[in-house]
Amino acid sequence: MQWDLGLQGLTLLGVMSLGFGVVAGLLVGNGWPRRFRATAITAVACFGVGLLTSEWLFGWATEEDLQPNIDGLSRDEVLLSSLLTTVVVVLVMRYLVRRTQGPGHVGRHPIRRRR
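Residues numbered from 1 in each chain as written. Predicted model: local features only at pLDDT ≥ 70, side-chain atom pairs only at ≥ 80, totals over all residues. Heavy atoms only, no water.

Caption draft 1: Representation of the overall build of the protein. Summing up its helical and strand segments, the protein has three helices and four strands in all. Moving toward the C terminus, one meets the helices and strands of the protein in the order α-α-β-β-α-β-β. Counting across all 115 residues of the protein, residues that qualify as buried make up 32%. For the protein, contacts bridging at least 24 residues in sequence account for 68% of all contacts bridging at least 6. (Helix = DSSP H or I, 4+ residues; strand = E, 2+ residues; numbered from the N terminus. Buried < 20%, exposed > 50% of the residue type's maximum accessible area, 1.4 Å probe, protein only. Contact = heavy atoms within 4.5 Å.)

Caption draft 2: Quick peek at the nonpolar core. Ala24, Val28, Ala38, Val89, Val90 and Met93 together form the largest nonpolar core, which totals six residues. Elements that contribute at least two residues to this core include exactly α1 (7-28) and α3 (75-101). Element by element, the count of residues in this core is highest for α3, at three residues. For alanine 38, the residues in contact, after removing those within four places along its chain, are Gly21, Ala24, Gly25, Val28 and Met93. (Core = buried A, V, L, I, M, F, W, Y, C linked by side-chain atoms within 4.5 Å.)

Purely geometric stuff here, so don't read any function into it on its own.
Here it is in structure tokens:
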């Protein structure tokens with residue numbers, strides 16, 4: 001396999017990954033530590049998935065086959081794979097938060113019983 005991703009393509013992939021990470025952080029919510037964790041996990045996952053999508057899945061295609069192709073980066077395919085990755089990370093993190101809160105919580109507030 002030949003990797004043809006240039007510096008401009010890597011930079012664009014990094015910026016897109018950070019953007020999707022920020023969106024994930026906003027969607028996960030519930031405190032700054034959890035938001036930061038979601039941002040970091042999503043950014044790293046989107047970078048890795050985007051790199052594999054552009055270079056492994058669509059590495060066979062030429063610039064004429066895939067438009068727009070920015071310095072070896074298949075932009076549209078990477079955007080779609082990053083969107084799917086972000087949705088998966090957000091859903092998993094929200095599920096894990098609900099699971100660890102236990103049955104005494106509904107939404108953001110604990111259930112309080114009156115005496």
